[in-house]
Amino acid sequence: MKTISTIEQEVNQIRLAIYEKIKDMTPAQVTEYYRKSGEATAKKYGFKIIASAKETAQS
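Conventions used here
- Residues numbered from 1 in each chain as written.
- Predicted model: local features only at pLDDT ≥ 70, side-chain atom pairs only at ≥ 80, totals over all residues.
- Heavy atoms only, no water.
- Helix = DSSP H or I, 4+ residues; strand = E, 2+ residues; numbered from the N terminus.
- Buried < 20%, exposed > 50% of the residue type's maximum accessible area, 1.4 Å probe, protein only.
- Areas by Shrake-Rupley, 256 points an atom, 1.4 Å probe, with all protein chains shown as cover.
- Salt bridge = Lys/Arg side-chain N within 4 Å of Asp/Glu carboxyl O.
- Expected span 1.5 Å × (residues − 1).
- pLDDT = per-residue confidence, 0-100.

Description of the overall build of the protein chain
Line of reasoning, step 1. Within the protein chain one finds 3 helices and 0 strands.
Line of reasoning, step 2. Listing the helices and strands of the protein chain from first to last along the sequence gives α-α-α.
Line of reasoning, step 3. Residues counted as buried form 5% of the 59 residues belonging to the protein chain.
Line of reasoning, step 4. In the form shown here, the protein chain has an accessible surface area of approximately 5700 Å², with 59% of it arising from carbon and sulfur atoms.

Have a look at this one:
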């Protein structure tokens, strides 16, 4: 029998926590939730968010 690793258990817990937060949201609210979360993470780690790969090719 295969056992689930500690990391996989943690990822599953995070996935379930996010699901509980967004399960009653509209699609627009879910999009906004992920946008804000992405922006906060990008700011925390110093990443730049771009709209598309084409945007980088033109820069």
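From this point, the narrative continues.
Observations regarding the pattern of salt bridges
Line of reasoning, step 1. On inspection of all chains with the given rule, the structure shows 3 salt bridges.
Line of reasoning, step 2. As a salt-bridge pair, Glu-32 and Arg-35 come within 2.3 Å of each other at their nearest N and O atoms. Pair noted here: Glu-32 and Arg-35 are both in helix α2 (residues 27–45), with a separation of 3 residues, about one helical turn.
Line of reasoning, step 3. Residues Glu-39 and Arg-35 are paired through a salt bridge, measuring 2.6 Å at the closest nitrogen-oxygen approach. Residue Glu-39 and its partner Arg-35 are both found in helix α2; the two are separated by 4 residues, about one turn of the helix.
Line of reasoning, step 4. Taking relative accessible area as the criterion, Glu-39 reaches 40% and is therefore assigned partly exposed.

Re α2
Line of reasoning, step 1. Compared with an ideal rise of 1.5 Å per residue, which puts 19 residues at 27 Å, α2 spans 27 Å between its outermost C-alpha atoms and is within 8% of the ideal.
Line of reasoning, step 2. Count one or two residues on from α2 and you reach Gly-46, which has phi positive near 75°.

Some thoughts on the confidence of the model for the protein chain
Line of reasoning, step 1. Summarising the model, the protein chain shows a mean pLDDT of 90, and 88% of its residues fall at 70 or more.
Line of reasoning, step 2. Here helix α3 (residues 53–58) is the element of the protein chain with the lowest mean pLDDT, 70, and α2 is the one with the highest, 96.

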